[in-house]
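# Understanding the architecture of this molecule
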Amino acid sequence: MKTSSFGIAAIFCLMIAFMTNVYAKVIEAELLQSAFSTEDFVLDVEKKIRNPKGMEFDNQGNFLFIANMWGDSPKEAYVTVMDTEKFEVLERIDLPNGYYSRSREHANGMVEVTITEDNRFALVSRLQGCGRGGCGGINSGPAETNGQGLINVIDIHTKKPVMYISSGGSGSKVMGVKPGTTKGYITNWFSNNIGVFDFGDAYTIDPDTDEPIYAEKAKTKKIQFPSGSAPRGLAFSPSGKYMFVIGFSSKVLYIVDTDTDRIIATSSRLSRFNLRHMVTNNDRTLGYLSHMQGSGISKVDLVKAEAYLSELNHKRNNRLTQKFWKHIFIPWKTAEDKTTNIMVLKEYPKDHPDRPNKLYGRAGPNTIALDRSNNCYLYVSFRSGNINGTQALSKGKVDVLDVCNDRRVIGLIAGKGTTALAATHNGKILAASGFFDSTIWFYDIAKIKSEYEQRYGVPSMQRPEPEPKSEPKAEPKAEPKAEPKSEPKPE
């Protein structure tokens, strides 16, 4: 069949448009990146932390709580606490053992840390559970049943665990606390559900109690997700009424009504991308999503999202079309003076040992963290390899983004399999974990911002306008089709 020259030209234009959308280049802060390299901003590298998976600074920035995924053996479960003034290990907090097996990541692995709003407790999740092969181990944990994960409630001031709660599932991951309450949520990766819990009783427990209390009644209910969803990240809407839950394997966003704890909407999939982690600014009007598949970052208007969702019938699971994404996406400006909904970040720093100033197709953005002192700065960790580290680059990277001006401030090298990120609330220190080489890298983020702002000015954020009430409803409102049954691989 012959193709006209006009048809060939049209196809070529479509290909160019596709490539521009997927590989649009981020605007670079060349004046900063040409003058500095990673070593100019590194404060310390701690090389004794075993497989750091998740971590958070307390709200005062005095301590860094680190969730050790594997620990020294599969029979040990603990959290490491570092002093952020001396960058030294302050304490090891031993936690209840779980149902472990030969596959160590299915057992006692500590995964994520959440600090409560009042800075009283550190909530630490323990993975627990089995993949396709089953457990075949022993249950050595006190008062535990069914090999379920745990939420460990640790008193920040005494550094002692005061309470632990069943997560209601296995493969426990990310936690979130509904704003202004003691009601928490935890995503369970393997069992495709979310455990709902209340840690309010922890306030009445004496922190000097010799043994932490197993709070059986603190787990209130479970929210079941479709098979193969692998729920992971979560975040809340401006009012706190809605919770956005990422389906890592299903590649969709689920919306939960936190008043009734039921799924009231499911988004459509994003072509060529999946979802992994989500954070919001201080007043939860803006959200940011990391897309490990496709190596991208997107930003969304949560004011518009909340108004859109409020128009739905909350007694059913509404199937949202691509109109929902189009409605809430905030486009990035690109170096080509165009816009794109998902900014792809595959370029590596000039001082990277393996990929200096080069693209890497397996960048794999993991955790994202927003600067709390100035919400214009977003920090992104990149795993730079596969999930077991056999093909990971010798070093990962961390990108510092100015999301108010759509500009990359600088790219920094980090540990192998860069995963967890944490920033002090005063905006002075950034920490990144090298999961495969068991390192914690500390950066002087205050210096980075100072050098950047001398050249480009202090970035400021424009708040989204309230959504007009005339906004059309999402459609259609049919129940979503069942996801194909498949067990997610351990992350």
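Because the structure is a prediction, the values reported are computed rather than measured.

Attention shifts here to the overall build of the protein. If you tally the helices and strands in the protein, you get five helices and 35 strands. For the protein, the proportion of its 491 residues judged to be buried stands at 58%. If you take every contact in the protein between residues at least 6 apart in sequence, the share linking residues at least 24 apart comes to 59%. Only carbon and sulfur atoms are counted for the fraction: they give 50% of the accessible area of the protein, which is about 20100 Å².

On to a negative patch on the surface, then. Taken together, Asp206, Asp208, Asp210 and Glu211 make up a surface patch of like negative charges. For Glu211, a relative accessible area of 58% corresponds to the exposed category.

It is worth spelling out helix α3 (residues 302-310) at this point. Residues spaced three or four apart along an α-helix point in a common direction, a consequence of the helix completing one turn every 3.6 residues. Residues of α3 that are buried: Leu302, Val303, Ala305, Glu306, Tyr308 and Leu309. Its side-chain oxygen 3.0 Å from the backbone nitrogen of Val303, Asp301 forms the N-cap of α3.

The next thing to look at is the pairing of strand β3 (residues 52-57). Most of β3 sits inside the fold, with five of its six residues counted as buried. Where β3 lies against strand β4 (residues 63-68), five bridges are found, and the strand directions are antiparallel. Looking at β4, one finds that Gly54 is bridged to Ala67. Hairpin geometry of β3 and β4 is characterised by an intervening segment of five residues between the two adjacent antiparallel strands and by a positive phi of about 75 degrees at Gly61.

Let us now look at the pattern of salt bridges. In this structure the tally under the stated criterion is 16 salt bridges. In this structure, Lys221 engages Asp261 in a salt bridge whose closest nitrogen and oxygen atoms are separated by 3.8 Å. With Lys221 in strand β17 (residues 219-224) and Asp261 in the loop between β20 (252-257) and β21 (262-266), the pair connects residues that are 40 residues apart, well separated along the chain. The exposure class assigned to Lys221 is partly exposed, which follows from its relative accessible area of 37%. Linking Asp259 and Lys241 is a salt bridge whose minimum nitrogen-to-oxygen distance equals 3.0 Å. Of this pair, Asp259 sits in the loop between β20 and β21 while Lys241 sits in the loop between β18 (231-236) and β19 (242-247), and the two are 18 residues apart along the sequence. Overall, Asp259 belongs to the exposed group, its relative accessible area being 53%.

Following the sequence through the fold, Asn281 ends up in the loop between β22 (277-280) and β23 (286-291). A residue is classified by how much of its surface remains accessible, and Asn281, at 1% relative accessible area, is buried. Engagement of the side chain of Asn281 in a polar contact is seen with the side chain of Asp283, the distance being 3.1 Å.

A low pLDDT means the predicted coordinates there should not be read in detail. Across the protein, the average pLDDT comes to 86, with 83% of residues at or above 70. Here residues 469-487 is a poorly scored stretch, pLDDT under 50, and it has 39 contacts once near neighbours within four places are set aside; other chains count.

Right, let's get into the environment of Gly200. The topology assignment puts Gly200 in the loop between β15 (193-198) and β16 (213-214). On the basis of relative accessibility, which here comes to 21%, the residue Gly200 falls in the partly exposed class.

Right, let's talk about the nonpolar core for a bit. Counting 26 residues, the largest nonpolar core has Phe244, Ile255, Met278, Leu309, Leu320 and Trp325 as the members making the most contacts within it. Contributing elements (two or more residues each) for this core: β19, β20, β21, α3, α4 (322-328) and β28 (342-344). At four residues, the largest contribution of residues to this core is made by α3. Those residues in contact with Met278 that lie beyond four places of it in its chain are Leu234, Ala235, Phe244, Ile246, Tyr288, Leu289, Val300, Leu302 and Ile368. In this structure, Phe41, Leu421, Ala423 and Tyr452 belong to the second largest nonpolar core, which totals 23 residues.

Now for the sheet that holds β18. One open sheet accounts for five strands, arranged β18-β19-β20-β21-β25; its pairing is mixed. Unpaired on one side and paired on the other, β18 and β25 (318-319) mark the two borders of the sheet. Across four bridges, β18 lies against β19 in antiparallel orientation. Bridging across to β19, Ala235 finds its partner in Phe244.

Okay, the sheet that holds strand β24 (residues 296-301) next. With respect to topology, four strands assemble into an open sheet ordered β22-β23-β24-β28, the strand pairing being antiparallel. Since the sheet does not close on itself, it has two edges, and those belong to β22 and β28, each with one partner. Adjacent strand axes in the sheet meet at a mean angle of 20 degrees when their direction is disregarded. Sheet topology note: the β24/β28 ladder contains three bridges and is antiparallel.

Turning our attention to the state of the cysteines. Taken as a whole, this structure holds one disulfide when the rule is applied. Each disulfide pairs two cysteine sulfurs, and for Cys376 the partner residue is Cys404, the sulfurs being separated by 2.0 Å. For the disulfide bridge between Cys376 and Cys404, the dihedral angle about the S-S bond is near -85 degrees, and by the sign convention the bridge is left-handed. On the criterion of sequence distance, the pair formed by Cys376 in the loop between β29 (365-370) and β30 (377-382) and Cys404 in the loop between β31 (396-402) and β32 (407-414) is long-range, its members being 28 residues apart. Taking the relative accessible area as the measure of exposure, Cys404 reaches 21% and is therefore partly exposed.

Rules and cut-offs
- Residues numbered from 1 in each chain as written.
- Predicted model: local features only at pLDDT ≥ 70, side-chain atom pairs only at ≥ 80, totals over all residues.
- Heavy atoms only, no water.
- Helix = DSSP H or I, 4+ residues; strand = E, 2+ residues; numbered from the N terminus.
- Buried < 20%, exposed > 50% of the residue type's maximum accessible area, 1.4 Å probe, protein only.
- Contact = heavy atoms within 4.5 Å.
- Areas by Shrake-Rupley, 256 points an atom, 1.4 Å probe, with all protein chains shown as cover.
- Patch = residues over 30% accessible without salt bridge, like charges linked within 9 Å, V, L, I, M, F, W, Y side chains within 5 Å.
- Salt bridge = Lys/Arg side-chain N within 4 Å of Asp/Glu carboxyl O.
- Lys, Arg positive; Asp, Glu negative; His and termini not counted.
- Charge placed at Lys NZ, Arg CZ, Asp CG, Glu CD.
- Polar contact = N/O pair within 3.5 Å; in protein donor to acceptor, adjacent residues only side chain to side chain.
- Pairing = 2+ DSSP bridges.
- pLDDT = per-residue confidence, 0-100.
- Core = buried A, V, L, I, M, F, W, Y, C linked by side-chain atoms within 4.5 Å.
- Axes fitted to C-alpha atoms, helices over the stretch in contact; angles between N-to-C directions.
- Disulfide = S-S within 2.5 Å.

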